[in-house]
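Chain by chain, the residues:
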Amino acid sequence: MEVLDAASRQLQRHDIRGLSIINHQRGLPPLERENVHTFQQDVLDNADEQGIGLLTTLDLFRLVRNKERWAWPDDTVLPLLYENGRVVAIPKHYERVGVVTHFFEGPGAVIVDVTGSGVAVGDELAFVLPIDYAQERVASIELDDIAVDRANTGDLVGITTTLTKAQARKGVEVYRVRPTD
């Protein structure tokens, strides 16, 4: 922290922040690593206290790869690099909708437990996969086997998808992609 303070004074800037990018368990392939509870609680507390962000190399890779793939504007990713504590690698224009609870292979549909904001036909959804973020428009929604235009918090709905069963497995987080200017 002293180094950051000195650099801030020398450059006469107050927006200099610390970001620690950790390549933990580097002997293992990225998807075999512990990627949920990467940091011990005392490390998280210290980073939050000192104003330092914590990011894994896999998180950084996912953000850069998908920023390029989906042409996300800089302001959807850049603010993440200025956060304190554990940085969650979800771009700022993603709004949580819910989580996949089931996949139906025949019709190519997922069951989504809507726990966040609602979802409507025509919305663009993002599915958080192990490496990539898959984005696609909502073509149809079913609630209790009835086609609807919108689902709200608390609904358990079927949404058509082009994802495979391997991609749209139980527990995959679902976000609405808000338009960016």
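Residues numbered from 1 in each chain as written. Predicted model: local features only at pLDDT ≥ 70, side-chain atom pairs only at ≥ 80, totals over all residues. Heavy atoms only, no water.

So, the overall build of the chain
Tallying secondary structure elements over the chain gives three helices and 13 strands in all. Taken along its principal axes, the extent of the C-alpha atoms in the chain is 65 × 40 × 30 Å. Here the chain, with 181 residues, has 39% of them falling under the buried criterion. Taking all contacts inside the chain whose residues are at least 6 apart in sequence as the whole, residues at least 24 apart take part in 63%. Accessible area of the chain: about 10600 Å², with a carbon and sulfur share of 52%. Across the chain, 19 positive and 28 negative side-chain charges occur, with their mean positions spaced 4 Å apart. (Helix = DSSP H or I, 4+ residues; strand = E, 2+ residues; numbered from the N terminus. Buried < 20%, exposed > 50% of the residue type's maximum accessible area, 1.4 Å probe, protein only. Contact = heavy atoms within 4.5 Å. Areas by Shrake-Rupley, 256 points an atom, 1.4 Å probe, with all protein chains shown as cover. Lys, Arg positive; Asp, Glu negative; His and termini not counted. Charge placed at Lys NZ, Arg CZ, Asp CG, Glu CD.)

Considering the environment of Asp145
Assignment of secondary structure puts Asp145 in the loop between strand E9 (141-143) and strand E10 (146-148). Between the C-alpha atom of Asp145 and that of Gly158, which follows or precedes it by 13 residues, the distance is 8.3 Å.

Some remarks on the layout of surface pockets
Volume-wise, the largest pocket comes out at about 590 Å³. Considering the residues around the largest pocket, the lining is formed by 19 residues, among which Asn35, Val36, Asp59, Arg62 and Val128 are closest to the centre. Ranked by residue count, the leading element in the lining of the largest pocket is helix H3 (residues 57-70), at three residues. Here the lining of the largest pocket is composed, by residue class, of 11 nonpolar, two polar and six charged. Taken as a whole, the second largest pocket holds about 210 Å³ of empty space. Lining the second largest pocket are 14 residues, with Ile111, Glu142, Asp145, Val157 and Gly158 positioned closest to its centre. Those elements that place two or more of their residues in the lining of the second largest pocket are strand E5 (109-114), E9 and strand E12 (156-160). Looking at the lining of the second largest pocket, the element that brings in the most residues is E12, giving five residues. Across the lining of the second largest pocket, the residue classes tally to eight nonpolar, three polar and three charged. (1 Å grid on protein atoms, 1.4 Å probe; cavity = no way out; pocket = protein on both sides within 12 Å on 5 of 7 lines; lining within 4 Å. Points joined across faces, edges and corners; volume = space filled by probe spheres on them. Nonpolar A, V, L, I, M, F, W, Y, C, P; charged D, E, K, R; others polar.)

Section: the packing of aromatic side chains
In this structure the tally under the stated criterion is four aromatic pairs. Geometrically, the ring pair formed by Tyr94 and Tyr133 is edge-to-face, given 5.8 Å between the ring centres and 80 degrees between the ring planes. Residue Tyr94 is found in strand E4 (residues 94-104), and its partner Tyr133 is found in strand E8 (residues 133-137); the two are separated by 39 residues along the sequence. Taking the relative accessible area as the measure of exposure, Tyr94 reaches 6% and is therefore buried. With relative accessibility at 0%, the residue Tyr133 sits in the buried group. Among the aromatic residues, those joined into a cluster by ring pairs are Trp72, Tyr94, Tyr133 and Tyr175. (Phe/Tyr/Trp six-rings, centres within 6.5 Å; stacked < 30°, edge-to-face > 60°.)

Quick word on a negative patch on the surface
Judged by side-chain charge, Asp42, Asp45, Asp48 and Glu49 come together as a negatively charged surface patch. A relative accessible area of 45% places Asp48 in the partly exposed class. (Patch = residues over 30% accessible without salt bridge, like charges linked within 9 Å, V, L, I, M, F, W, Y side chains within 5 Å. Salt bridge = Lys/Arg side-chain N within 4 Å of Asp/Glu carboxyl O.)

A look at the pattern of salt bridges
Once the charged atoms of two side chains with opposite charge are near each other, the side chains can pair. Counted by the stated rule, this structure contains nine salt bridges. The salt bridge involving Glu173 is made with Arg96; its shortest N-O contact spans 3.8 Å. Taken together, the positions of Glu173 in strand E13 (residues 173-177) and Arg96 in strand E4 put the pair 77 residues apart, joining distant regions of the chain. Looking at Glu173, the relative accessible area reads 31%, which means it is partly exposed. With a relative accessible area of 34%, Arg96 lands in the partly exposed category.

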